[in-house]
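A closer look at the structure
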Amino acid sequence: MLRRGSELPRGDREVLLDLDHGAEAQNTDSYGSVQDGSFIPPRYLTAIRTGDDQCPLTHTEDWRNQPLQQTGNYFRDGKTKIDFVLVWEVRSRRKKRSKDSEGPSAEGPSAEGPSAKGRSSRSELRKAQLEQWRDRFTQNLQEAGLLIEKEETASEKKTVHFLKLSAPWDVLVYYAEELCQRAPLQAQPHLDLNTSARVMDKLHVPNVLTDSVPNRPLDYYTCAFRKSKLNRFLGSNDEEKYFTQTQRHRMVYEILARTVYGRRKRAEVGVDRLINEGAYTAVFPLHEGPFQPPGFGVRPEELNQRQILYHFWARWCKWYKYQPLDHIREYFGEKIALYFAWLGFYTAWLLPAAVVGTLVFVSGVMTMGSNIPAEEICNNGSSYLMCPLCNTCKAWNMSEICPMAKLGYLFDHPGTVLFSVFMSLWAVTFLEYWKRKMATLAHHWDCMDFHEEEERPRPEFVAMAPMMEENPVTGVKEPYFPEKRRLSRMFTGSMVIILMLCVVMIFLVTVVMCRGIISIMMFHTGSPVLRTEAGTIANICSSIVNLGLILLMGRVYTALAEQLTKWEMHRTQTQYDNAFILKVFIFQFVNFYSSPFYVAFFKGRFVGFPTNYGTLFGMRNEDCGPGGCLIELAEQLFIIMVGKQLINNIQEFIIPKVKAWQQKRALEKVLGGKRHRELQRWEEDYQLLECEGLFEEYLEMVLQFGFITIFVAAFPLAPLFALLNNWVEIRLDAHKFVCEYRRPVAERAQNIGVWFNILETLSHLSVIANAFLIAFTSDFLPRLLYQYKFDSDLYGYVNFSLAYAPLNYTEYPQCRYKAFRDNSGSYTLFYWELLAVRLGFIIAFEHAVFFVLRAIEWIVPDVPESLELKVKRERYLAKQALAENQEALLVSGARRRGSGTGSGGSSTASDSSLGNLS
């Protein structure tokens with residue numbers, strides 16, 4: 001602990017900043033045995049022995065005999081808060097010692113004796129090394145000012161050690177300034193950041209989405225913390241509650257991440273590397289008590305933060321309520337709160353998209369009877385003898401596809417074209433308004449000016465770097481990896497990525513061939529029903545197989561991408577995360593979207609015509625089904641998108657519970673006969689799962705965003721299914737973080753990082769994809785051109801869109817196939833006119849949407865005007881609070897007014913300047 005009113009002692013700074021401090025590990029066998037498990041820094045014990053009245057721990061002798069005041073997140077004195085817990089496990093050596101005491105066998109040493117003894121000795125040396133590191137690390141933590149207390153949970157086979165850490169006031173003050181924590185200057189009224197709530201309030205409409213969540217965190221104007229200006233900050237006289245729990249956790253974790261445990265040459269620093277080495281099994285801050293609220297008769301204001309989040313957020317019955325974002329940020333930190341804010345904002349914006357998409361689909365159902373081409377197929381299809389669909393198939397009548405022709409209209413009518421335009425504008429508008437929301441939240445949560453500090457090297461980088469170089473920012477020698485070698489490794493990794501993408505393409509070709517084989521099998525059954533629905537059955541079966549391959553390859557590639565990213569030796573965690581995210585997203589993009597892209601833009605384009613069919617590995621290239629390619633694309637999107645969502649939700653619901661049960665069972669084995677006693681908070685939290693971060697959550701939502709924007713012209717119900725999934729996803733994720741995960745370290749962030757750039761790329765890609773989808777895959781433009789040139793009611797369109805087989809096709813003379821070709825197989829004039837219309841539509845569509853996008857960017861500023869005023873007000877208050885010469889100016893001004901010297905004009909000017917400062 002630090003002496004009040006003084007700076008951090010020089011020894012503490014050496015421990016944290018000088019990696020050479022203490023070249024040899026000090027003996028810390030005494031820790032955990034002093035004061036019934038409490039660990040007190042040696043300098044305080046020395047002060048006690050010498051009778052130093054300034055020692056802040058001179059009251060410990062009286063404390064020893066005091067009864068325990070409270071349990072939970074406190075030391076045994078019931079007053080000292082637990083900020084962090086370190087855990088490690090040690091297996092009992094009793095059995096081994098008993099075997100050794102029996103001596104060698106009468107039969108003599110076995111052949112495996114020396115090797116087994118060597119393995120045993122290496123294991124013992126490793127255990128001794130880890131124990132030495134733990135001792136040195138603990139010693140340096142207490143030198144840095146942390147208070148430590150140890151607990152043990154032992155059984156015959158294993159002992160679990162818990163090291164409880166607490167940061168006293170002076171340490172917190174020092175690191176609050178070191179980490180530029182924000183301190184409150186002036187309270188301000190709570191802001192209503194929900195646009196829908198403000199609109200409903202103005203319209204005097206009852207809002208069932210609101211919920212009166214108790215103990216909402218106060219909102220302040222803040223500035224960077226300064227120890228010298230401590231008395232100017234609100235609440236600085238209450239040392240117990242001045243820093244929030246998340247701020248305390250962040251500062252203690254900073255100490256844990258900086259503290260040395262070995263030698264400088266090996267860069268043996270920080271708790272993260274100790275966990276990677278196996279010295280500790282877990283490190284985590286504690287939850288604020290149980291998540292289940294107590295019995296009846298307890299007011300909501302008396303619930304702890306975790307219980308409030310569970311009762312008002314993580315329960316399924318709260319699915320239609322606003323999320324308490326301020327409470328989430330207060331408990332989990334800004335990074336996690338921003339994820340839930342983005343997920344809630346995205347879900348709210350899905351509501352109008354889902355409504356419009358459902359209306360478009362319903363309008364298609366209601367107008368199916370007015371589809372003249374489908375009526376012609378149903379009524380006159382027997383007069384159209386269609387050419388065989390495969391080399392061994394027979395000719396068939398067009399009337400057989402009547403149901404599919406009617407069903408295809410649901411996904412290919414003028415309403416879907418308008419909906420694709422709407423969704424393209426929706427995507428870019430959504431991102432523009434999310435920028436405003438993100439800026440508002442960043443200021444509201446004091447992260448607008450947050451920038452990542454000079455990041456420490458990753459533990460894996462430190463362990464594997466081949467050389468040391470001086471950091472140009474800090475001036476300290478750090479592990480270094482040559483940039484040329486990193487670039488060469490990144491290039492090699494990109495070759496591996498390309499190879500894996502080729503594997504995905506091979507699987508795609510396999511699925512295509514599987515679909516063709518299933519179609520032929522269905523056609524050869526002889527059943528009229530199976531022959532008519534052969535394409536649909538083949539498409540559904542192949543889509544299910546494709547989904548299985550997608551999920552399997554996704555797992556394999558994620559593991560491969562992780563190993564590649566580690567091998568590339570990125571120095572900081574941010575660089576590592578960005579490289580990993582980019583690799584996985586590129587692969588998952590190709591993995592999930594390759595099959596829909598094939599159906600949307602390539603299937604049916606290279607079929608050829610009778611006597612000149614295109615082939616792939618001896619099989620005829622696929623043609624679009626009876627209802628067109630859009631209905632097949634809709635089937636694929638439904639199976640892949642909705643199937644993936646169902647599987648992911650089932651996994652997120654079941655897998656954490658299974659893992660938690662296994663972990664709880666393992667700890668119960670350690671408890672043995674004491675399993676029926678009430679567990680302490682650190683024991684209960686150790687049973688929970690380690691938080692796995694937000695990567696999988698973001699990836700799932702970003703892939704969903706691509707499905708509902710890129711291919712929305714073929715599947716108007718995609719936003720509706722996404723909306724239903726996200727309502728479930730929010731509660732599943734909330735329940736995981738509140739009930740099933742250990743409390744993560746609160747991390748600061750001002751945006752959602754590289755994921756926003758990916759979303760922007762997808763939104764721009766969706767404009768291009770929808771333009772090509774309408775132009776080349778839909779029948780919208782061919783019908784429109786036919787209406788303009790021949791018949792506005794589309795009578796005769798079916799006959800016009802069918803070509804006759806060439807005269808040299810002798811198997812089925814005069815059979816028909818769908819194409820704009822003449823009797824010789826050449827393209828007709830109408831085909832070239834249609835091609836010009838298609839290209840013109842793409843150019844007009846893209847220019848119109850991107851023009852509207854630029855207009856929206858110009859009209860909608862990234863930072864609201866009201867927020868700019870608040871930022872200026874906050875900066876003004878911060879300038880006043882941190883002005884070094886303010887008091888001097890006030891004193892000198894008072895003296896001048898008292899002496900009466902100077903002219904009246906100068907006195908007035910002086911008073912005016914003082915008024916501006918006050």
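Here goes a summary of the coordinates provided. Counting restarts for each chain, with residues numbered from 1 along the sequence as it is written. Since the coordinates come from a predicted model, pLDDT governs what is reported: local features require at least 70, and pairs of side-chain atoms require 80 or more to be given and counted, while whole-chain, interface and lining totals use all residues. The basis for every side-chain value is the complete set of heavy atoms in the structure, and neither hydrogens nor water enter the calculation.

**Here's the deal with the overall build of the protein chain**
Keep this limit in mind: Numbering of helices and strands starts at the N terminus; helices are DSSP runs of H or I of at least 4 residues and strands are runs of E of at least 2. Residue burial is assigned from relative accessible area. The probe radius is 1.4 Å, only protein chains are included, and a residue is buried under 20% of its type maximum, exposed over 50%, and partly exposed in between. Any two residues whose heavy atoms approach within 4.5 Å at even a single point are treated as in contact. What sets the accessible areas is the Shrake-Rupley method with a 1.4 Å probe; for residues, cover comes only from the shown protein chains.
The helix and strand tally for the protein chain stands at 31 helices and 17 strands. Looking at the protein chain residue by residue over its 918 residues, the buried ones come to 50%. For the protein chain, the proportion of contacts with a sequence separation of at least 24, taken over those separated by at least 6, is 77%. As displayed, the protein chain offers around 44700 Å² of accessible surface, 58% of which is attributable to carbon and sulfur atoms.

**Looking at the packing of helix α12 (residues 334-366) against helix α15 (residues 414-444)**
Formally: Think of each axis as a best-fit line through the C-alpha atoms, taken over the contacting stretch in the case of a helix, with angles from 0 to 180 degrees between the N-to-C directions. Each angle is binned into one of four classes, with values under 35 degrees roughly parallel, values over 145 roughly antiparallel, values of 65 to 115 roughly perpendicular, and all other values oblique. Crossings are classed by handedness, with left-handed meaning an anticlockwise turn of the near helix from the far one by less than a right angle and right-handed meaning a clockwise turn. Residues are grouped as follows: Ala, Val, Leu, Ile, Met, Phe, Trp, Tyr, Cys and Pro are nonpolar; Asp, Glu, Lys and Arg are charged; all remaining types, including Gly, are polar.
In the contact formed by α12 and α15, the axes pass within 10 Å of each other and the chain directions differ by 160 degrees. In terms of their interaxial angle, α12 and α15 are classed as roughly antiparallel. In the crossing of α12 with α15, the sense of the turn from one axis to the other is right-handed. Where α12 approaches α15, its residues Leu338, Ala341, Trp342, Phe345, Tyr346, Trp349, Leu350, Pro352, Ala353, Val356, Gly357 and Val360 are matched on the opposing element by Gly415, Thr416, Phe419, Phe422, Met423, Trp426, Thr429, Phe430, Tyr433, Trp434, Lys437 and Leu441. Tallied by class, the residues present in the contact of α12 with α15 amount to 19 nonpolar, four polar and one charged.

**Description of the state of the cysteines**
Two cysteines joined by a covalent bond between their sulfur atoms form a disulfide. Our working definition: Disulfides are defined in this document as cysteine sulfur pairs within 2.5 Å.
Across all of its chains, the model carries two disulfides by this definition. Here Cys387 is linked by a disulfide to Cys815, with a sulfur-sulfur distance of 1.9 Å. Every disulfide takes its handedness from the sign of the S-S torsion; for Cys387 and Cys815 that torsion is 85 degrees, giving right-handed. On the criterion of sequence distance, the pair formed by Cys387 in the loop between β8 (385-386) and β9 (396-397) and Cys815 in the loop between β16 (802-804) and β17 (816-818) is long-range, its members being 428 residues apart. The class of Cys815 is buried, set by a relative accessible area of 0%.

**Considerations on the side chain of His249**
Inspection of the secondary structure assignment puts His249 in helix α8 (residues 245-258). Setting aside residues no more than four positions away along its own chain, His249 makes contact with Asp83, Phe84, Pro285, Leu286 and Arg743.

**Regarding the side chain of Glu149**
Cut-off, in case you're wondering: For this analysis, a polar contact is any N or O atom pair within 3.5 Å, provided that within protein one partner can donate a hydrogen and the other can accept it, and provided that sequence-adjacent residues contribute only side-chain to side-chain pairs.
Examined against the element boundaries, Glu149 turns out to sit in strand β3 (residues 147-154). Within the structure, the side chain of Glu149 is placed 3.1 Å from the backbone nitrogen of Arg76, a separation counted as a polar contact. Among the polar contacts listed, one links the side chain of Glu149 to the side chain of Lys164, at a separation of 2.6 Å.

**Comments concerning a nonpolar patch on the surface**
Which entries qualify depends on this criterion: Each patch groups residues whose relative accessible area exceeds 30% and which form no salt bridge, using 9 Å between like charges and 5 Å between nonpolar side chains of Val, Leu, Ile, Met, Phe, Trp and Tyr. Whenever Lys or Arg places a side-chain nitrogen within 4 Å of a carboxyl oxygen from Asp or Glu, that contact is recorded as a salt bridge.
Among the surface-exposed residues, Trp316, Ile650, Phe653, Ile654, Val658 and Val728 lie close enough to one another that they form a single nonpolar patch of about 530 Å² accessible area. Assignment of secondary structure puts Trp316 in the loop between α10 (305-314) and α11 (325-332). The exposure class assigned to Trp316 is partly exposed, which follows from its relative accessible area of 43%.

**Remarks on the environment of Leu633**
Relative to the helices and strands, Leu633 is located in helix α21 (residues 629-671). Separated by 94 residues in the primary sequence, Leu633 and Asn539 place their C-alpha atoms 9.3 Å from one another. Excluding residues within four positions of it along the chain, Leu633 makes contact with Pro596, Val599, Ala600, Phe711, Ala714 and Leu773.

**A closer look at the packing of α15 against helix α23 (residues 695-710)**
Orientation of α15 relative to α23, taken along the N-to-C sense of each, is 145 degrees, at an axis distance of 9 Å. For the pair α15 and α23, the contacting residues are Met423, Trp426, Ala427 and Phe430 in the first and Phe705, Ile708 and Thr709 in the second. Partitioned by chemical class, the residues of the contact of α15 with α23 number six nonpolar, one polar and no charged.

**Points about the pattern of salt bridges**
This model, assessed by the stated rule, comprises 31 salt bridges. Ionic pairing is found between Lys335 and Glu747, a salt bridge with its closest N-O pair at 3.6 Å. Here the residue Lys335 occupies a position in helix α12, and Glu747 occupies one in the loop between α24 (718-740) and α25 (754-777), the gap between them amounting to 412 residues. Lys335 sits in the partly exposed class, given a relative accessible area of 36%. Taking the shortest distance from any N to any O, the salt bridge between Arg681 and Glu684 comes out at 2.8 Å. You can see Arg681 and its partner Glu684 sitting in helix α22 (residues 681-687), three residues apart, about one turn around the helix. When its relative accessible area of 8% is taken as the criterion, Arg681 is described as buried. You can call Glu684 partly exposed: its relative accessible area is 28%.

**Notes on helix α13 (residues 372-380)**
For α13, the set of buried residues is Ile372, Pro373, Ala374, Glu376 and Ile377. In this structure, the buried residues of α13 make contact with α14 (402-408), α26 (780-789) and α27 (797-800).

**Thoughts on the pairing of β3**
Where we set the bar: Pairing between strands requires that DSSP locate at least two bridges from one strand to the other.
With six of eight residues buried, β3 is to be regarded as a mostly interior element. In this sheet, strand β4 (residues 158-166) lies alongside β3 in antiparallel orientation, the contact comprising eight bridges. Bridging across to β4, Leu147 finds its partner in Ser166.

**As for the packing of aromatic side chains**
Rules: Only centres within 6.5 Å qualify two rings of Phe, Tyr or Trp (six-membered ring in Trp) as a pair; their planes then separate them into stacked at under 30 degrees, edge-to-face at over 60, and tilted for everything else. Two conditions define a charge located above a ring, namely a distance within 6 Å from the ring centre to NZ of Lys or CZ of Arg, and an angle within 35 degrees of the ring normal.
Across all of its chains, the model carries 65 aromatic pairs by this definition. Ring geometry for Phe589 against Tyr593: centres 4.8 Å apart, planes inclined by 85 degrees, an arrangement best described as edge-to-face. Here Tyr593 and Phe589 lie together in helix α20 (residues 573-601), a separation of four residues that amounts to about one turn. The class of Phe589 is buried, set by a relative accessible area of 19%. Lying across the ring of Phe653, Lys657 places its NZ or CZ 5.2 Å from the centre.

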